[in-house]
Amino acid sequence: MGKLFLILIFVAAIGACSESSPPSKQEAAPSPENRLAELQKKADAGDAEAQFTLGEMYYKGKEAPKDAAKAVEWYQKAAAQGNIDAYFAIGRMHYNGEGVPKNVAEAVEWFQKAAAQGHAKAQFYLGEMYLNVKSVPKDTAKAMEWYQKAAAQGNIDAYFAI
């Protein structure tokens, strides 16, 4: 009789565990228009991360129309507040001539700002520029220094460049 009682309790417990409550309604992800409007509001209020994110959205053309000039505008606002990802992005825009005239010297300056604050990709790019870009004076020692800093942070490209 004791075994039967234990079996019944066990079966009841299993049955209770398998019953599930109806799924709760999860809020749908905001539409791209709503996300853009929300970020725009934060960016206009001075949120540097929102400003950088808007720059990325306009640069990539995801959830916002592709617009390199507008991307640079938002990157510059974020950079004015010390956003190192924005420093790197502005350097990339100057190097590629996207949204601004191509200007390698300006790109180097922006990459240096980001690299000095530990941005590994900017450090790698500086290594590349000091070693491989004709309009930048070749400096193997500086290139190796930046590659080593980037590699120390796990940048695989810098690791293989060393």
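These numbers come from a predicted model, not from an experiment. (Residues numbered from 1 in each chain as written. Predicted model: local features only at pLDDT ≥ 70, side-chain atom pairs only at ≥ 80, totals over all residues. Heavy atoms only, no water.)

Trainee: Give me the lowdown on the overall build of the protein, citing residues and values where you can.
Mentor: In terms of helices and strands, the protein carries nine helices and zero strands. Listing every helix and strand of the protein by position from the N terminus yields α-α-α-α-α-α-α-α-α. Burial analysis of the protein (162 residues in total) assigns 35% to the buried set. Intrachain contacts of the protein at a sequence separation of at least 6 include 38% that bridge at least 24 residues. A total of about 10,200 Å² of accessible surface is found on the protein, and carbon and sulfur atoms cover 57% of it. (Helix = DSSP H or I, 4+ residues; strand = E, 2+ residues; numbered from the N terminus. Buried < 20%, exposed > 50% of the residue type's maximum accessible area, 1.4 Å probe, protein only. Contact = heavy atoms within 4.5 Å. Areas by Shrake-Rupley, 256 points an atom, 1.4 Å probe, with all protein chains shown as cover.)

Trainee: Residues and numbers for unusual backbone geometry, please.
Mentor: A negative phi holds for most residues other than glycine; trans holds for most peptide bonds. For E63, which is not a glycine, the phi torsion comes out positive at approximately 65°. Overall, the relative accessible area of 37% leaves E63 in the partly exposed class.

Trainee: Tell me what's going on with the side chain of H119, and back it up with residues and numbers.
Mentor: Within the secondary structure, H119 is located in the loop between helix 6 (104-116) and helix 7 (120-132). Residue class for H119 comes out buried when judged on its relative accessible area of 11%. If near-sequence neighbours (up to four positions away) are discounted, H119 is found in contact with I84, D85, F88, A114 and Q153.

Trainee: Just give me the short version of the confidence of the model for the protein, but keep the residues and values in it.
Mentor: In this model, the protein carries an average pLDDT of 87, and 83% of its residues clear a pLDDT of 70 or more. Across residues 4-14, where pLDDT falls below 50, the model places zero contacts with residues more than four positions away in sequence or in other chains. (pLDDT = per-residue confidence, 0-100.)

Trainee: Please provide a residue-by-residue account of helix 8 (residues 140-152), values included.
Mentor: Here helix 8 contains 13 residues, and its C-alpha end-to-end distance of 18 Å stays within 8% of the 18 Å for a straight helix at 1.5 Å per residue. The inward-facing, buried residues of helix 8 abut helix 6, helix 7 and helix 9 (156-161). Phi turns positive, to about 95°, at G154, one or two residues after helix 8. (Expected span 1.5 Å × (residues − 1).)

Trainee: So, the packing of helix 7 against helix 8: which residues are in play, and what are the values?
Mentor: Viewed as axis vectors pointing N to C, helix 7 and helix 8 meet at an angle of 160°, and their least axial separation amounts to 8 Å. In this view, helix 7 runs roughly antiparallel relative to helix 8, as classed from their interaxial angle. Like other packed secondary-structure pairs, helix 7 and helix 8 cross with a definite hand, here left-handed. Of the residues in helix 8, those in contact with A120, Q123, F124, L126, G127, E128, Y130, L131 and N132 of helix 7 are T140, K142, A143, M144, W146, Y147, K149 and A150. (Axes fitted to C-alpha atoms, helices over the stretch in contact; angles between N-to-C directions. Parallel < 35°, antiparallel > 145°, perpendicular 65-115°, else oblique. Left-handed = near helix turned anticlockwise from the far one by under 90°.)

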